[in-house]
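Structural characterization, general
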Amino acid sequence: MKLYDLENHFYDLATVEALANRKGYPYYDKTHKVIRWTEQITMAFDAIHDKLVDVGEGRLATMDRVGITTAVISPSQALEELDPSESVGLTKKNNDTVYEMTQRYPGRYLGSAALPVKDVSAACKELERCVRELGFVCWHTHSNYTDAAANDERFVPIFETAAELGVYVYLHPTLPTYNGQIYAGLGDFDFTLAGPGAGFTVDTMLTTLKLIASGLFDRVPKTKLVIGHFGEAIPFLLDRIDNRLSFMPNPKLRNQRKPSDYFRDNIYVTTSGNMSAAAFRCTRDVLGIEKIIFGSDYPYEGIDAMTDFVKNLELTEEERELLFFKNAEKLLKI
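Scope of this entry: the structure provided in the associated data block. Predicted model only: the values in this text are computed from it and were never measured.

Moving on to the layout of surface pockets. One water molecule sets the probe size; rolling that probe over the atoms shows where empty space is left. Its boundaries defined by the atoms lining it, the largest pocket holds a volume of some 340 Å³. Counting only elements with at least two residues in the lining of the largest pocket, the list comes to helix 7 (190-197) and helix 8 (199-213). Here the residues of the lining of the largest pocket sort into eight nonpolar, eight polar and two charged.

See the structure below:
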């Protein structure tokens, strides 16, 4: 059975070298073998470096071993946080490298665009190039850009461009920052809690809800958004979110429909990084199996454990086909 992976992470070597040569955050501290995101937060990097920069046979061998047919290559964090003087050139290099991968191994790799979001005009032009010339299938972005987030009004043109081009937007977590500081004291516990332990989910959940509340999906109704980790806990809370927004009307809320309506019409979720059968059942019950797609989160998650998890879920044959490839093919228009 085919298996599409919508979250398979990558760092271009040019990005890694640029991070190593930076003076400000984020930068790659080669001496201590960590990426320093802020003064508080560091992430061990060398343990997964080789897997992240792999552009060919090693990554393919891993995919073959666990049964992944096709993977969307997803740019890792950092490029969007940089000033356009750095990010415009680096995102183009990243995208060109991913394009070379898709050409060298047709049908195995699909491209997702990294964009210099802090220069919106340049970002829109690069997304057009990536889709029209390179055949990419989505814009891969993050829940914040250190001093801004995807829900800010200034980024609407990028969503409009994605919708016009017919590609989806993958909203991936990053550290919950505001003006360079980790909020809510999470930074006191370093990357583990500020990142995958809690901060990633909180930040992505809030950005997704702010995109809804900003009216983005009403203004750009063809927007297709994908979020990981079985919906960043939103399925568990969705009924209450609907209820509270209805019970406490607020003129600052610009969404014209219930949040659950946008999950029905505009938003998909992936399995990436969540191996809880209870979380899967909740997501299926709330959103329906038609809105769930496999994502491995490789190499930030163990790809063997992630694929074993989905293969061992109690599913009908029809549900398995939807989760493994039919939902992805619908989203990708294959």
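Moving on, we get to the sheet that holds strand 4 (residues 42-44). Strand order in this open sheet of three strands is 2-3-4, and the pairing throughout is antiparallel. Of all strands in the sheet, those bounded by a partner on one side alone are strand 2 (27-29) and strand 4. Adjacent strand axes in the sheet meet at a mean angle of 30°, parallel and antiparallel pairs treated alike. In terms of strand pairing, strand 2 meets strand 3 (residues 34-36) through three bridges, oriented antiparallel.

Time to look at the nonpolar core. Soluble, globular proteins show a tendency: their nonpolar side chains are buried together. Within the largest apolar cluster, 84 residues are counted, with the highest numbers of intra-cluster contacts made by Leu6, Leu127, Trp139, Ile158 and Tyr168. Residues in contact with Leu127, not counting those within four places in the same chain, are Ala113, Leu115, Trp139, Ile158, Thr161, Ala162 and Leu165. Membership of the second largest hydrophobic core comes to 19 residues, among which are Val16, Leu19, Tyr28 and Ala194.

What follows covers the packing of aromatic side chains. Overall, the coordinates contain 10 aromatic pairs when judged by the stated rule. Where Tyr105 meets Tyr109, the ring centres are 5.7 Å apart and the plane angle is 80°; that geometry is what we call edge-to-face. Just as Tyr105 is buried, Tyr109 falls in that class too. Aromatic rings pair up to connect Tyr11, Tyr28 and Phe45 into one cluster.

Applying the stated criterion across every chain yields a total of zero disulfides. There is no disulfide at Cys124, and the cysteine sulfur nearest it, in Cys130, is 12 Å away. According to the relative accessible area criterion, Cys124 is buried, its value standing at 12%. Of all cysteine sulfurs in the structure, the one in Cys130 sits closest to Cys138, which takes part in no disulfide; the separation is 10 Å.

Considering all chains together, one arrives at two cavities of 30 Å³ or more under this definition. Looking at the largest cavity, its volume works out to about 60 Å³. In terms of lining residues, the largest cavity is bounded by Pro75, Ser76, Gln77, Ala78, Leu79, Glu80, Ala114, Leu115, His140 and His142. Residue composition of the lining of the largest cavity, by class: five nonpolar, four polar and one charged. Roughly 50 Å³ of internal volume is contained in the second largest cavity. Here the lining of the second largest cavity is built from residues that sort into four nonpolar, two polar and four charged.

Here Leu6 lies in strand 1 (residues 4-10). Beyond its immediate stretch of four places on either side in the chain, Leu6 contacts Val72, Ser74, Tyr168, Tyr170, Val226, Thr270, Ile293, Phe294, Gly295, Ala328 and Leu331.

Here the focus is the environment of Ser85. By the secondary structure assignment, Ser85 is in helix 4 (residues 84-104). On a C-alpha basis, the gap between Ser85 and Asp119 in space is 9.3 Å, while along the polypeptide they are 34 residues apart. A polar side-chain atom of Ser85 sits 2.7 Å from a polar atom in the side chain of Asp83.

This brings us to the pattern of salt bridges. A complete count under the given rule lists 17 salt bridges for this structure. Linking Arg129 and Asp96 is a salt bridge whose minimum nitrogen-to-oxygen distance equals 3.0 Å. Here the residue Arg129 occupies a position in helix 5 (residues 120-132), and Asp96 occupies one in helix 4, the gap between them amounting to 33 residues. Note on Arg129: relative accessible area 15%, which makes it buried. For Asp96, a relative accessible area of 22% corresponds to the partly exposed category.

Definitions and cut-offs
- Residues numbered from 1 in each chain as written.
- Predicted model: local features only at pLDDT ≥ 70, side-chain atom pairs only at ≥ 80, totals over all residues.
- Heavy atoms only, no water.
- 1 Å grid on protein atoms, 1.4 Å probe; cavity = no way out; pocket = protein on both sides within 12 Å on 5 of 7 lines; lining within 4 Å.
- Points joined across faces, edges and corners; volume = space filled by probe spheres on them.
- Helix = DSSP H or I, 4+ residues; strand = E, 2+ residues; numbered from the N terminus.
- Nonpolar A, V, L, I, M, F, W, Y, C, P; charged D, E, K, R; others polar.
- Pairing = 2+ DSSP bridges.
- Axes fitted to C-alpha atoms, helices over the stretch in contact; angles between N-to-C directions.
- Core = buried A, V, L, I, M, F, W, Y, C linked by side-chain atoms within 4.5 Å.
- Buried < 20%, exposed > 50% of the residue type's maximum accessible area, 1.4 Å probe, protein only.
- Contact = heavy atoms within 4.5 Å.
- Phe/Tyr/Trp six-rings, centres within 6.5 Å; stacked < 30°, edge-to-face > 60°.
- Disulfide = S-S within 2.5 Å.
- Polar contact = N/O pair within 3.5 Å; in protein donor to acceptor, adjacent residues only side chain to side chain.
- Salt bridge = Lys/Arg side-chain N within 4 Å of Asp/Glu carboxyl O.

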